[in-house]
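# Architecture at a glance
Chain residues, written in single-letter form:
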Amino acid sequence: MNQGQDNENDNDFPWISLWKIQIIPRIRLFIWKLIQKALPTKSRLAARNSEISPNCPMCNSQEVETETHLFKNFPFARAIWFGCSLDAANTQIFTASIEEWVKTWIEDPNFSMFKEKIATITWFIWKYRCEVVFQQTNPDPIRLIKQINNFMKEANTKDNLLTKKGTKSNRSSWSDFNSDWIIFVDASFKKEDSSMGYDFILYSTDQEAFMHISVGSELAFTTVHAEANTLLRALKWLEENLLSSVTIDTDCKILVDSINNAGEITSRVTENTVEDIMQILKRLPQGKIRHIIRDRNAAADSIAKEARISRSQHKNRHIHQKVKKESIISNIFEKK
């Protein structure tokens, strides 16, 4: 089946059997997205943006990254299935489409004891692929096999962890969120010299980790204009990368109300920026804007202030090197 085709056998898929698999909801939702062709694979991104290469970021060949390649045909994936003692789940139905592959291990009695593990491994492969793409790490199948085996061992010894909402973590309040990604957006504006610093931080709820940050500085007319410019930057980045379900968090309530037609912007310049934001949102049905309190946006707030100060003092305007991933994440989650 072609990557871009809709699932012709959608009505025949055993959805009830999928929802009954004893795995955490996040993995079940991931398998649903896999069947619905909703994962942002390179081939799918390239179909929307000709500047993006459709080739697999995990291998050196010129293979197009489709679901079938990533989870079944790719040598890295084969190594994972073999290392987890489930190579039969891959090789036995090697030529099947991704839909038929999932359908087989859900319904086939020969896999009744392994379908939870197969679903979990598939999810781990996707999580690891995202880590390679966003953190630019080198693929290491042995490392991933160890992660999977440790997870499965923990699941079997700690009250059947696979059936709970998520793994134990002090970040569970974000991990349980419905979106796959959260983008924290903020700007810092100084009226006296019209300077602003901005940043947006991408957080993966699957990985429970920071994945990307954009930081910079420029001029703005008002605080709301600065916030709107930053949100527009984040949305343009999101449009280029075409992630799956995303929540964009900002602490600027005036801006959110304006986007939701619940408030008015008095500045014509800011109003034009808001109109640009709304046009992009129409093209991004997987993205939604949410207002959060300032404490929840503490990390983005502190980075935006530093970016503005750096501009004011004529220092380096791009401070990516100053930002430590650990400090960003701890700041995000230490505010309850």
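Summarised in this report is the structure supplied together with it.

Cut-offs used in this document
Residues numbered from 1 in each chain as written. Predicted model: local features only at pLDDT ≥ 70, side-chain atom pairs only at ≥ 80, totals over all residues. Heavy atoms only, no water. Salt bridge = Lys/Arg side-chain N within 4 Å of Asp/Glu carboxyl O. Helix = DSSP H or I, 4+ residues; strand = E, 2+ residues; numbered from the N terminus. Buried < 20%, exposed > 50% of the residue type's maximum accessible area, 1.4 Å probe, protein only. Pairing = 2+ DSSP bridges. Axes fitted to C-alpha atoms, helices over the stretch in contact; angles between N-to-C directions. Contact = heavy atoms within 4.5 Å. Core = buried A, V, L, I, M, F, W, Y, C linked by side-chain atoms within 4.5 Å.

### What to know about the pattern of salt bridges
Tallied over the entire structure, the rule returns 12 salt bridges. Note that R233 is salt-bridged to E218, the shortest N-O span being 2.7 Å. Here E218 lies in strand β3 (residues 209–219) and R233 lies in helix α11 (residues 223–241), a separation of 15 residues in the sequence. Accessibility expressed as a relative area gives 34% for R233, which makes it partly exposed. Accessibility expressed as a relative area gives 18% for E218, which makes it buried. Between D251 and R294 there is a salt bridge, and its shortest N-O distance comes to 2.9 Å. With D251 in the loop between β4 (246–250) and α12 (253–259) and R294 in the loop between β5 (287–291) and α14 (298–312), this residue pair connects regions lying 43 residues apart in the sequence. Within this structure, D251, R294, D301 and K305 form a network of salt bridges that share partners.

### Considerations on the sheet that holds strand β1 (residues 181–190)
An order of β3-β2-β1-β4-β5 is seen for the 5 strands of this open sheet, with the pairing classed as mixed. Looking at strand neighbours, the two that pair on one side only are β3 and β5, the edges of this open sheet. Along the sheet, successive strands turn relative to each other by an average axial angle of 20 degrees, direction set aside. In the sheet, β1 pairs with strand β2 (residues 195–204) via 10 bridges, with the strands oriented antiparallel. Across the sheet, the residue bridging to I182 is Y203, located in β2. The strands touched by helix α8 (residues 115–135) within the sheet are β1, β2 and β3, with β3 carrying the most contacts at an inclination of about 30 degrees.

### Quick word on the nonpolar core
Within the largest apolar cluster, 76 residues are counted, with the highest numbers of intra-cluster contacts made by F71 and W105. With 11 residues, α8 is the single largest residue contributor to this core. In this view, F71 contacts F30, L34, L39, A77, W81, N90, I98, W101, T122, I125 and W126; residues no more than four positions away in its chain are not counted.

### Some points on the pairing of β2
Taking burial as the measure, the 10 residues of β2 include 10 buried ones, the bulk of the element. With burial as the criterion, each face of β2 is covered, one bearing S195, G197, D199, I201 and Y203 and the other bearing M196, Y198, F200, L202 and S204. Sheet analysis places β2 next to β3, joined by 10 bridges and oriented antiparallel. Across the sheet, the residue bridging to M196 is E218, located in β3.

### Re the environment of D276
Inspection of the secondary structure puts D276 in helix α13 (residues 268–283). In this structure the C-alpha to C-alpha distance between D276 and L232, which are 44 residues apart in sequence, comes to 7.4 Å.

Scope: geometric values only; no functional claims are made or implied.
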